[in-house]
Amino acid sequence: MRVILYTGKGGVGKTTISAATGLKLASLGYKTIVISLDVAHSLRDSYDSDELLIAQNTEKQIQINDNLWMQEINVQEAIVEYWDEVYNYIRSILNRSGLDSLVAEEIAIFPGMEEICALLYINQYVRENAYDVIILDCAPTGESLRFVSIPTTLEWYMNRIFKLERNLARIAGPVIETVSSVPMPKDSYFKNIQSLFDRLEGIDKVLTDPKITTVRLVTNPEKIVIKETQRAFMYFCLYGMCIDAVIINRIFPEGVDDRFFDFWKKTQQQYIEDAENYFSDVPNLKVNLFDDQIVGVSGLQKLGDILYPDIDPADRFSQRNPYQFNKVDDGYQLIMQLPFLTKQEVNLNKQADELIITIGGFKRHVALPRSLSSTKATGAKLTGQQLIITFT
Ligand SMILES: Nc1ncnc2c1ncn2[C@@H]1O[C@H](COP(=O)(O)OP(=O)(O)OP(=O)(O)O)[C@@H](O)[C@H]1O
Ligand SMILES: [Mg+2]
């Protein structure tokens, strides 16, 4: 089974590329589902699906062709299915605090709930081996990072806080309720959380196993977009996820010779080169700007063929993390996989949140996590295939 995440800055083409990949995989015979994780869903619009739907009825998964399904996560539906007790408890507190019941219902959906719902579905499909490939059309970078960090956060909550809270509610609950107007959660609330957690068990391993899950970053050849892609690259590595391609979308094609675009073309050329330098660890797939928006099956098929001409989108284009950040005694360590390098002078130049590494004629820009921005790069050594940099 394969899980492929597409993410990147807002509007770069994630949904379009996810939809196109789904069609391509289905045509190669993979049973595929494309799941939209963005609350502002647009996957259905991308497939322009009205005339396509074979089975729309009440199924959560909409079938597009023999091998292809799509799903837009509906948080309200998922709440009824998975979160009933938790949701009702939070709603009752909000309601008692004087909020209008409709407002209470709306804000009882707290941040992260949507992402957890998506994880529940993904884990279910993985456990049931329901599809060959799951394509995740993610929300823009920030939210996607929150999405992939949820399993770790939950694990922490369950191990440190949950038991304590549950015991406290059991022992002190009745006493507190006599002096406070806030209702204490009943044990069914905790049972609900425990059962959610059980259903999520293993999802962290699925997301960080490069044999199963890889991330493809979609970008455009523009300064701000490339910057965000660099940070996303670093953060996904930080979470231990394998990035196996960067897709540079919306490149002006050769044929564009209107003078109005002269400057644009130069700018794009510059940022394509930058992207190729920054992301040289993984394949950089390039897609031109089409002469129209890409909506509906025929446009998406064309896009799928351009993006994956004679490559199978289900392949893993890379299997390991080019960077790994570790906490060590007196600081942090960045371990970079740099095969083929012989021992030469390593030159480090750290500028705020970026580290520029020069080794002979090789130069690499690495975006750094926020927690490293106030540190100093104090050492570097090349050992076999790895470059290890120390920050204190
Ligand atoms: N290579 C391309 N050529 C022409 N149009 C494109 C190309 N890639 C994407 N588009 C168009 O750009 C628009 C935005 O694309 P899309 O919705 O896929 O972006 P997104 O990254 O999913 O956005 P969001 O961050 O809002 O989810 C769509 O109208 C799509 O048809
Ligand atoms: Mg989108």
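Residues numbered from 1 in each chain as written. Chains lettered and ligands numbered in written order. Predicted model: local features only at pLDDT ≥ 70, side-chain atom pairs only at ≥ 80, totals over all residues.

(A) Quick look at the domain arrangement of the protein chain. Under the domain assignment, the protein chain is made up of domain 1 (1-320) and domain 2 (323-391). On a C-alpha basis, the centroid separation for the pair domain 1 and domain 2 is 30 Å. With seven residues of domain 1 at the interface, the matching set in domain 2 holds nine residues. No other element matches the five residues that helix α9 (residues 223-238) contributes to the side of domain 1 that touches domain 2. The residue makeup of the side of domain 1 that touches domain 2, split by class, is four nonpolar, one polar and two charged. (Domains from an automatic or database assignment. Contact = placed C-beta atoms within 7 Å. Helix = DSSP H or I, 4+ residues; strand = E, 2+ residues; numbered from the N terminus. Nonpolar A, V, L, I, M, F, W, Y, C, P; charged D, E, K, R; others polar.)

(B) Here's a closer look at the sheet that holds strand β15 (residues 386-391). On the basis of which strands lie adjacent, the open sheet formed by four strands has the order β9-β10-β15-β14 and antiparallel pairing. The open sheet terminates on both sides in strands that have one partner only, identified here as β9 (323-328) and β14 (377-383). Recorded for the sheet is a direction-independent mean angle of 20° between the axes of neighbouring strands. Sheet analysis places strand β10 (residues 331-337) next to β15, joined by six bridges and oriented antiparallel. Within the sheet, the bridge partner assigned to Tyr-332 lies in β15 and is Phe-391. (Pairing = 2+ DSSP bridges. Axes fitted to C-alpha atoms, helices over the stretch in contact; angles between N-to-C directions.)

(C) Highlighting unusual backbone geometry. Even without being glycine, Asn-129 reaches a positive phi, approximately 50°. Relative to the helices and strands, Asn-129 resides in the loop between α5 (113-128) and β5 (133-137). With a phi close to 65°, Arg-250 is a non-glycine residue in the positive phi region. Among the structural elements, Arg-250 can be located in strand β7 (residues 243-251). Its 19 C-beta neighbours within 10 Å are what place Arg-250 among the partly exposed residues. (Buried ≥ 20, exposed ≤ 12 C-beta atoms within 10 Å, placed from the backbone.)

(D) Seen up close, the sheet that holds strand β8 (residues 284-288). Overall, mixed pairing links the eight strands, which are arranged β3-β4-β2-β5-β1-β6-β7-β8 in an open sheet. Bordering the open sheet on either side are β3 (62-65) and β8, each of which pairs with just one other strand. Across the sheet, the axes of successive neighbouring strands diverge by a mean angle of 20°, strand direction being ignored. Along the sheet, helix α1 (residues 14-27) makes contact with β1 (2-8), β2 (32-36), β3, β4 (68-72), β5, β6 (213-219) and β7, crossing β5 at roughly 165°.

(E) Highlighting the pairing of β5. Most of β5 is tucked away, with five of its five residues classed as buried. Where burial is concerned, the two faces of β5 agree: the one with Val-133, Ile-135 and Asp-137 and the one with Ile-134 and Leu-136 are both buried. Pairing between β1 and β5: five bridges, direction parallel. The residue bridging Tyr-6 from the neighbouring strand is Asp-137, located in β5. When β2 meets β5, the two strands line up parallel, connected through five bridges. Its bridge partner being in β5, Thr-32 is matched across the sheet by Val-133.

(F) Region of interest: the site of ligand 1. Around ligand 1 there are 18 residues in total, and Gly-13, Lys-14, Thr-15, Thr-16 and Phe-290 lie nearest to it. Put simply, the parts of the chain that give the shell around ligand 1 at least two residues each are α1 and β7. In terms of residue count, α1 provides more of the shell around ligand 1 than any other element does, three residues in total. The residue inventory of the shell around ligand 1, partitioned by class, reads seven nonpolar, eight polar and three charged. (Near = placed C-beta within 6 Å.)

(G) Spotlight on the nonpolar core. By size, the foremost hydrophobic cluster in this structure holds 83 residues, and its most contacted members are Ile-35, Ile-134, Leu-136 and Ile-247. When we break this core down by domain, the ones giving at least three residues each are domain 1 (1-320) and domain 2 (323-391). When near neighbours in sequence (up to four residues on either side) are disregarded, Leu-136 contacts Val-3, Ile-4, Leu-5, Tyr-6, Ile-35 and Leu-37. Trp-83, Val-86, Tyr-87 and Tyr-89 belong to the second largest nonpolar core, which has eight residues in total. (Core = buried A, V, L, I, M, F, W, Y, C linked by C-beta atoms within 7 Å.)

(H) The arrangement of the environment of Ala-232 in detail. When you line up the elements, Ala-232 lands in helix α9. Overall, Ala-232 belongs to the buried group, with 25 C-beta atoms counted inside 10 Å. Between the C-alpha atoms of Ala-232 and Gly-142, which are 90 residues apart in sequence, the distance is 8.3 Å.

(I) Structural context of the packing of helix α3 (residues 75-96) against helix α7 (residues 187-200). Across the interface, α3 lies against α7 with an axial gap of 8 Å and an inter-helix angle of 140°. Judged by the inter-axis angle, α3 sits oblique to α7. The handedness of the crossing between α3 and α7 is left-handed. Between α3 and α7, the contacting residues are Tyr-82, Trp-83, Asp-84, Glu-85, Val-86 and Tyr-89 on the first element and Ser-188, Tyr-189, Asn-192, Ile-193 and Leu-196 on the second. Grouping the constituent residues of the contact of α3 with α7 by class yields seven nonpolar, two polar and two charged. (Parallel < 35°, antiparallel > 145°, perpendicular 65-115°, else oblique. Left-handed = near helix turned anticlockwise from the far one by under 90°.)

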